[in-house]
Amino acid sequence: MTQYLPKDIEEKWQQRWAEAKVAEVDVKAAGDKFYMLNMFPYPSGDLHVGHGRNYILGDVLFRFFRMKGRVSLNPMGWDAFGLPAENAAIKRGIHPREWTLANIQRMKKQFARWGILYDWSKEVASCEPTYYHWNQWLFLKLYEKGLAYRGKAPVNWCPQDLTVLANEQVVDGRCERCGAEVVQKELEQWFFRITDYADRLDAGLDTLEHWPDKVKTMQRNWIGRSVGADVEFPVPTLGKSIRIFTTRPDTIFGATFMVLAPEHPDVAGLIADHPDRAAIESWIGQVRNQSNLERQESGKEGKFTGKFAVNPFTKEEIPIWLGNFVLMQYGTGAIMSVPAHDQRDFEFARQYKLPIKVVISGARATPPAPDDLEEAFTAKDDSAVIVNSGLINDLAVPAAIDRISDEIERLGIGKKTIRYRLRDWLISRQRYWGTPIPMIYCAGCGLVPVPERDLPVELPLDVPFTGREGNPLAKHEAFVNVKCPKCGADSKRETDTMDTFVDSSWYYARFISARDNEKIFDTKLVNRWLPVDQYIGGIEHAILHLLYARFICRAMHDLGLLEHEEPFRRLFNQAMITKEGYRDPSANMAWVALGDVEWRDGKPYRGPVELVPEMGKMSKSRFNVVAPDELIDRYGADTQRVYTLFIAPPEKEAAWSDEGVIGAYRFLGRVWNLGQAILGGARATPPASVPHASIPPTVLRKTHQTIDAVGRRIERFEFNTAVSALMELSNTLGDHVAEHAGSLREPYLALLKMLHPFAPHMTEELWEAFGEKGMILTSPWPEADPALMQEDVVTIVVQVNGKLRGQIEVPNPPVESVIMGEVQKNERVRSWIEGKQVVKTIYVPGKLVNLVVR
Ligand code: ANZ
Ligand code: ZN
């Protein structure tokens with residue numbers, strides 16, 4: 001009888017899987033495809049058990065669907081450009097590329113140690129020219145279509161280091177490196193016109209039935225579709241009109257003032273002759289330095305311009321104010337304020353003593369006097385009725401919106417509009433470690449795209465990293481100075497690089513043609529393999545990454561590159577594993593009575609054990625970094641896998657617990673020992689001579705019930721209950737092993753197959769020990785036979801007048817006449833119908849009988 005020693009078997013199977021290239025997929029192979037994809041990671045070098053959850057989960061699905069006979073693809077790559085590599089270069093003098101590639105090697109080893117199978121023949125790293133070549137190509141296609149353009153946008157600028165800072169490099173308004181106060185500076189930068197796709201990105205969310213509602217809501221809010229109207233308000237002193245955007249044109253009779261964003265282009269004209277112009281301008285400067293969030297969430301501030309506009313319906317003059325809460329980037333940067341019916345306007349009016357006029361009343365009751373209002377009355381359904389508003393009086397709000405919008409259009413003072421909060425995607429980064437934007441500036445020809453034949457524009461590797469004076473690329477003479485592809489004159493290259501979200505917006509398609517150096521990908525194959533059947537990643541990517549990927553997928557569709565509009569059919573966001581419940585790490589030593597599960601040098605060890613110090617160390621974030629290597633050394637990868645999946649449903653945060661890890665280890669130990677016992681018994685009786693009928697009926701039934709349950713639970717991401725079903729089955733087998741060892745082989749092999757996605761190494765080893773052919777991974781998933789799942793008896797609930805009055809047991813399958821006979825005989829039920837007349841009997845097959853009595 002051998003002991004369960006994960007150390008001895010895990011590496012062996014990792015090697016065998018690698019040698020047999022079991023995860024390598026011929027994308028042309030016929031069959032029902034299953035495309036499994038984990039969001040490709042940033043190669044930071046560190047993987048902790050929290051990451052493990054993500055990738056282990058993907059591997060379980062991959063193995064499961066593969067055993068179910070699907071052509072399963074599980075590729076992996078690296079989101080390898082980005083700031084941390086550049087920081088490492090500055091701080092430690094390692095080239096970003098070297099740092100990145102070393103981390104990739106480390107992480108690859110880690111994946112292997114977890115027993116995760118990826119199709120490495122399709123590996124991509126976004127920092128390689130073979131990959132970013134196609135980023136650049138895609139950029140040129142988008143540029144041709146007018147979807148990439150140049151425009152002005154503010155950046156964080158450190159006046160000391162003379163460099164652009166990413167948001168995460170600005171701490172409390174200061175440069176993270178030198179502490180100088182950061183200023184906003186306008187720069188010409190590159191954008192992708194994602195706003196052209198706002199409507200389709202919004203409508204497309206309705207087709208994603210297998211996405212979490214939470215994510216769809218976040219995307220919907222981010223896109224921010226609003227239906228309303230633009231309306232012109234004449235400003236006599238300017239000799240022109242200012243256009244506002246409102247979602248509530250029905251309230252226009254209650255618009256008692258106007259508010260402009262301080263950046264609004266008409267502000268200069270409005271305050272030109274203002275006595276306090278200088279003070280207002282300096283206030284405007286302050287507001288510009290507030291973030292949009294501060295402007296909308298903290299105290300409202302405003303300044304009166306001294307000028308008036310005319311409300312086009314009441315013809316009254318209304319004061320024009322500037323307000324920090326009005327944003328220039330949304331709508332027209334100007335609003336009509338209706339303080340009685342908008343809470344922000346209400347607070348602003350109270351603060352600056354501006355007039356309030358009620359124009360909506362609840363269900364025809366007398367409207368409140370403005371002075372009595374405690375807050376804005378914002379109802380907008382059919383219960384809200386318009387008052388004090390001329391032609392729309394007495395209409396409910398929805399009807400009033402239609403009526404007044406038509407009137408606005410008829411008068412030619414505005415039009416119905418749909419606005420989106422979504423802004424164009426700023427893709428320029430003034431940084432080195434990213435994809436160079438393939439553009440050239442020629443004095444004579446202007447902007448000239450790099451010709452396709454000159455791609456890729458390679459990132460030069462010989463650059464100095466000082467962290468100062470801007471992008472190191474801009475100082476690389478050989479990179480910057482280039483001949484104009486059109487006229488041959490001396491020209492300059494663009495030195496901005498692309499946002500790394502560009503890299504991750506189409507990589508799911510590249511995996512299908514990862515080694516193709518002639519084109520971005522093979523359209524026919526991508527059409528076959530997309531959409532990704534199961535996409536898995538953290539909720540932190542709920543908005544940007546997924547939105548950009550959906551956008552670029554549509555843009556590629558419009559370019560005729562692929563036929564899909566949505567890249568990911570099913571999305572799952574796993575939750576974190578937290579440190580709560582974790583042993584106090586400061587103690588450094590924790591005593592765990594490991595009982596019979598700790599093995600040292602092949603011998604059981606029963607004494608106390610100290611936890612390796614790393615296991616208690618916390619990362620600077622709020623999540624622990626239980627080091628997977630230590631865990632694997634101690635208990636094996638299979639234990640970690642089973643534990644990670646058993647700990648909680650994967651969409652729930654879970655608290656790490658050492659006891660839980662040991663519990664998982666014990667379970668695997670029991671399955672192992674069971675196998676040894678069955679093997680011992682089976683040697684006495686050769687397998688062929690064991691007839692199906694000799695398997696104890698309870699075992700046979702439990703096996704088929706488990707097959708049925710585990711398959712369904714895995715597909716529903718209920719991994720924890722799938723594992724508990726396997727634990728139950730192993731207990732049932734354990735109950736019979738002493739007497740029936742010889743006849744448990746078949747059910748035990750089924751258990752191993754079902755356990756395989758969770759504990760792949762151990763199950764392969766046992767499969768081999770049982771003399772089965774090939775790998776368990778390539779064996780078919782067991783099939784549940786419904787006939788064999790049937791219990792001997794079923795329990796039927798008996799109700800009298802709808803109240804539970806008893807239960808009866810009848811042989812399975814249940815027969816109605818037998819049930820009725822049992823109901824008649826049942827003492828408890830009889831006491832409830834004694835002396836009454838049964839007027840009706842309702843039978844819900846196999847479940848319930850309800851007697852209606854009078
Ligand atoms: C008058 C009004 C009356 C409004 C009322 C609301 C309620 P959503 O739904 O988010 O699209 N608004 C328009 N442009 C703005 C800007 N640049 N900055 C800040 N606020 C702006 O919001 C649209 C509403 O937000 C618009 O409708 C406008 O106020 C305000 F009882 O107009 B409303
Ligand atoms: Zn030129």
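Up top you'll find the structure we're talking about.
Residues numbered from 1 in each chain as written. Chains lettered and ligands numbered in written order. Predicted model: local features only at pLDDT ≥ 70, side-chain atom pairs only at ≥ 80, totals over all residues. Heavy atoms only, no water.

A. Structural view of the overall build of the chain. The secondary structure content of the chain amounts to 27 helices and 37 strands. Across its three principal directions, the C-alpha atoms of the chain cover 105 × 90 × 60 Å. Taking all 854 residues of the chain together, 53% fall into the buried category. Considering only contacts within the chain whose residues lie at least 6 apart along the sequence, 72% involve residues at least 24 apart. For the chain, the exposed area adds up to about 38000 Å²; of that, 51% sits on carbon and sulfur atoms. Across the chain, the mean location of the 104 positive side-chain charges is 1 Å away from that of the 112 negative side-chain charges. (Helix = DSSP H or I, 4+ residues; strand = E, 2+ residues; numbered from the N terminus. Buried < 20%, exposed > 50% of the residue type's maximum accessible area, 1.4 Å probe, protein only. Contact = heavy atoms within 4.5 Å. Areas by Shrake-Rupley, 256 points an atom, 1.4 Å probe, with all protein chains shown as cover. Lys, Arg positive; Asp, Glu negative; His and termini not counted. Charge placed at Lys NZ, Arg CZ, Asp CG, Glu CD.)

B. Summary view of the coordination of the zinc ion (ligand 2). Taken together, Cys442 (SG), Cys445 (SG), Cys484 (SG) and Cys487 (SG) make up the protein donors of the zinc ion (ligand 2), found 2.1 to 2.4 Å from the metal. Note that the zinc ion (ligand 2) binds four donor atoms; their angles at the metal cover 104 to 115°, and the shape is tetrahedral. Mapping the donors of the zinc ion (ligand 2) onto the primary sequence gives the spacing C-x2-C-x38-C-x2-C. Judged by relative accessible area, Cys484 falls into the buried class, the value being 4%. Judged by its relative accessible area of 46%, Cys487 is partly exposed. (Donors = N, O, S within 2.8 Å, 3.2 Å for Na, K, Ca; no water. Tetrahedral: all angles 85-135°; square planar, octahedral: opposite > 155°, others 65-115°.)

C. Region of interest: the nonpolar core. Among the nonpolar cores identified, the biggest contains 173 residues, and Tyr35, Leu61, Phe139, Phe192, Tyr508, Tyr748 and Phe758 are the most heavily contacted of them. The leading source of residues in this core is helix 20 (residues 658-684), at 11 residues. With sequence-adjacent residues up to four places away left out, Phe139 is seen in contact with Ala148, Trp190, Phe192, Ile427, Ile437, Pro438, Met439 and Met498. Core analysis: the second largest hydrophobic core is formed by 36 residues, Met258, Ile318, Ile360 and Ala400 among them. (Core = buried A, V, L, I, M, F, W, Y, C linked by side-chain atoms within 4.5 Å.)

D. Spotlight on the pairing of strand 21 (residues 439-442). Relative to strand 22 (residues 446-449), strand 21 runs antiparallel, the two sharing four bridges. Across the sheet, residue Met439 finds its bridge partner in strand 22, namely Pro449. What sits between strand 21 and strand 22 in their antiparallel hairpin is a turn of three residues. As judged from the two bridges shared by strand 21 and strand 24 (residues 490-493), these two strands associate in the antiparallel manner. (Pairing = 2+ DSSP bridges.)

E. Up close: the packing of aromatic side chains. Counted by the stated rule, this structure contains 44 aromatic pairs. An angle of 10° between the planes, with centres 3.8 Å apart, marks the rings of Phe40 and Tyr507 as stacked. Of this pair, Phe40 sits in the loop between strand 1 (33-38) and helix 2 (49-67) while Tyr507 sits in helix 15 (residues 507-510), placing them 467 residues apart in sequence. In this pair, the class of Phe40 matches that of Tyr507, namely buried. With centroids separated by 5.0 Å and ring planes inclined at 70°, the aromatic side chains of Phe64 and Phe65 adopt a geometry described as edge-to-face. Taking relative accessible area as the criterion, Phe64 reaches 0% and is therefore assigned buried. On the accessibility criterion, Phe65 (11% relative accessible area) is buried. Here Lys185 stacks its cationic end above the ring of Trp157, 3.6 Å away from the centre of that ring. Here the basic side chain of Arg493 rests over the ring of Phe479, its NZ or CZ set 5.5 Å away from the ring centre. (Phe/Tyr/Trp six-rings, centres within 6.5 Å; stacked < 30°, edge-to-face > 60°. Lys NZ or Arg CZ within 6 Å of the ring centre and 35° of its normal.)

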